[in-house]
Amino acid sequence: MADRVTVIGWDGSPPSDAARAALNAATLVAGTKHHLALSHVPEHAERIVLGSIEIAARRIAKHRGSAVVLADGDPGFFGVVRALRAPEHGLEIEVIPGVSAVATAFARAGMPWDDARVVVAHGRSLRRAVNVCRAYPKVAVLTAPGAGPVELSLLLTGVHRTFVICEALGTEQEQVTVLTSDNVADHIWRDPNVVLVVGNTTSAGSGAAGPGVPSAERGGWIAGRDPGFPGPVRGWALPSSEYGGDTSAHLRAFQLARLGPRTGDLVWDIGAADGAVAVEAARFGAAVIAVDRDADACDWITATGRRAGVQLQVVHGPAPQVLDDLPEPDAVRIGCVDAEVTAACAARRPERIVTGATTRDEAEAVSRALEEGGYEVERALLQSVELDSEWAERERSVTFALCGTRR
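A. Examining the overall build of the protein more closely. A tally of helices and strands in the protein yields 12 helices and 17 strands. Across its three principal directions, the C-alpha atoms of the protein cover 85 × 50 × 40 Å. When burial is assessed residue by residue, the protein has 49% of its 407 residues classed as buried. Residue pairs in contact within the protein that sit at least 24 positions apart in sequence constitute 60% of those at least 6 positions apart. A total accessible area of about 19400 Å² is found for the protein, and carbon and sulfur atoms account for 51% of it. Between the centroid of the 40 positive side chains of the protein and the centroid of its 51 negative side chains there is a distance of 5 Å.

Below you can see the structure in the form of structure tokens.
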């Protein structure tokens, strides 16, 4: 096993005394081609061009001598340290970090970033990274070939964002460009790059840290976003009066529980009406597209989302026709009882589809559409009774609740 493995972060500035000492003592240096071309790499050392970290780690483990691994920025932040510390390699790691690319990018933009989300975009995670950009007003994206600024902007069609694109940070070719998202695809961008995706951070009741953070707590006590339910109002499935509508809070509780909205998801709310489900799904961190055929309802949903401090995309038009141009959902809530709309949603293969009905005939029609679309259907009859201060019945609600889970 290597006597010592030092991971050095390079951010374009001269190496520290500790980094110089480690390099001078190194008998093996691993890094990308541009790292190995640095003048500080000793000529006598064996060199490994990093491709697969796993292969490099196995070679380092067999080496007898002092090894150095060069990496960009802070190698402990979405970097090589995690892979090198895997137990099977048996390596003891010392880290000399540089300034992370994310910190440098926000510094170039002159922006704080303790309230930002940071995501990695590559082929498998690109869609989820885009959904985070939909849901949050300040996101740093660590890009990859095929998952760069152009792909991000195209997948954000319909959502206005400002892109701060930082190319080749820390090198002589460094360039920082600020564009609106609809103009990003008109350019060719160099790798590597970091993209800051910035939306409206001035909504009422909202800070960049996430949905519903009160202004007095912006830039508060936790980085990124409170993992608990955010906002000045505690709880979820709040009374309908909170949203100015008449949707059943109890049915909404069932639907939210089955939807399970989370960061990285995209939720469709079709027939969003007062926007209660859309807003609460967004408060859990999901990206949400609220659809309604009524223009006044769309205006209401937009205003409700703004008051709640969440980032909603509101689409005006009739379902199922308007659904064709929407990005693929992870979960769908259908507020209107319509077997045709249900079948159209099932054809898009989200993991979950939830809806409700007031009569058994409607419930059976929707249930058939789900089953024929390849979903296992959970059926429930929800009954709730609201009582007044004298414990007398004030309002009774009986609703069929259905949840389809993709087979």
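B. Looking closely at a nonpolar patch on the surface. Taken together, the side chains of Val-385, Leu-387 and Trp-391 make up a nonpolar region of the molecular surface, amounting to roughly 340 Å² of accessible area. Inspection of the secondary structure puts Trp-391 in the loop between strand E16 (375-387) and strand E17 (393-406). Take Trp-391: its relative accessible area is 71%, and that puts it in the exposed class.

C. Representation of unusual backbone geometry in the model. With omega at 10°, the peptide bond leading from Ala-319 into Pro-320 counts as cis. Position of Pro-320 relative to the elements: it lies in the loop between strand E13 (312-316) and strand E14 (331-334). The phi dihedral of Ala-237 is positive, around 50°, even though this residue is not glycine. Of note, Ala-237 is situated in the loop between strand E10 (193-198) and helix H8 (249-259). Its identity as a non-glycine residue notwithstanding, Ala-273 has a phi of 55°, on the positive side. With respect to the helices, strands and loops of the structure, Ala-273 is situated in the loop between strand E11 (266-270) and helix H9 (276-283). For Ala-273, a relative accessible area of 36% corresponds to the partly exposed category.

D. H9, seen in detail. Of all the eight residues making up H9, eight are buried; the element is thus mostly covered by neighbouring parts of the structure. All of the buried residues in H9 are Ala-276, Val-277, Ala-278, Val-279, Glu-280, Ala-281, Ala-282 and Arg-283. Against the buried residues of H9 lie H8, E11, strand E12 (287-292), helix H10 (295-308), E13 and E14. Where H9 terminates, the next one or two residues include Gly-285, which has phi positive at roughly 105°.

E. Local environment of the sheet that holds strand E9 (residues 175-180). Taken together, five strands build an open sheet; the order of strands is E6-E7-E10-E8-E9 and the sheet is mixed. Each edge of the sheet is formed by a strand with only one pairing partner; in this case those strands are strand E6 (117-120) and E9. The average undirected angle you get between the axes of adjacent strands in this sheet is 20°. The pairing of strand E8 (residues 162-167) with E10 spans six bridges and is classified as antiparallel. Its bridge partner being in E10, Ile-165 is matched across the sheet by Val-195. Contacts from helix H5 (residues 101-109) reach E6, strand E7 (138-142), E8, E9 and E10, with the element oriented near 55° to E10.

F. Spatial organisation of the packing of H8 against H9. Closest axis-to-axis distance for the H8/H9 pair is 11 Å, and the angle between their directions is 40°. What the angle tells us is that H8 and H9 run oblique. Crossing of H8 against H9: the hand is right-handed. Listed contacts from H9 to Arg-252, Gln-255, Leu-256 and Leu-259 of H8 are Ala-276, Val-277, Glu-280 and Ala-281. Here the residues of the contact of H8 with H9 are counted per class, giving five nonpolar, one polar and two charged.

G. Summary view of the pairing of strand E15 (residues 352-357). Counting buried positions along E15 yields five of six residues, so the element is predominantly enclosed. Alignment of E14 against E15, held across four bridges, turns out to be parallel. Note that in E15 the partner of Arg-333 across the bridge is Val-354. Where E15 lies against E17, six bridges are found, and the strand directions are antiparallel. Within E17, the residue paired with Ala-357 across the bridge is Phe-400.

What counts and what doesn't
- Residues numbered from 1 in each chain as written.
- Predicted model: local features only at pLDDT ≥ 70, side-chain atom pairs only at ≥ 80, totals over all residues.
- Heavy atoms only, no water.
- Helix = DSSP H or I, 4+ residues; strand = E, 2+ residues; numbered from the N terminus.
- Buried < 20%, exposed > 50% of the residue type's maximum accessible area, 1.4 Å probe, protein only.
- Contact = heavy atoms within 4.5 Å.
- Areas by Shrake-Rupley, 256 points an atom, 1.4 Å probe, with all protein chains shown as cover.
- Lys, Arg positive; Asp, Glu negative; His and termini not counted.
- Charge placed at Lys NZ, Arg CZ, Asp CG, Glu CD.
- Patch = residues over 30% accessible without salt bridge, like charges linked within 9 Å, V, L, I, M, F, W, Y side chains within 5 Å.
- Salt bridge = Lys/Arg side-chain N within 4 Å of Asp/Glu carboxyl O.
- Pairing = 2+ DSSP bridges.
- Axes fitted to C-alpha atoms, helices over the stretch in contact; angles between N-to-C directions.
- Parallel < 35°, antiparallel > 145°, perpendicular 65-115°, else oblique.
- Left-handed = near helix turned anticlockwise from the far one by under 90°.
- Nonpolar A, V, L, I, M, F, W, Y, C, P; charged D, E, K, R; others polar.

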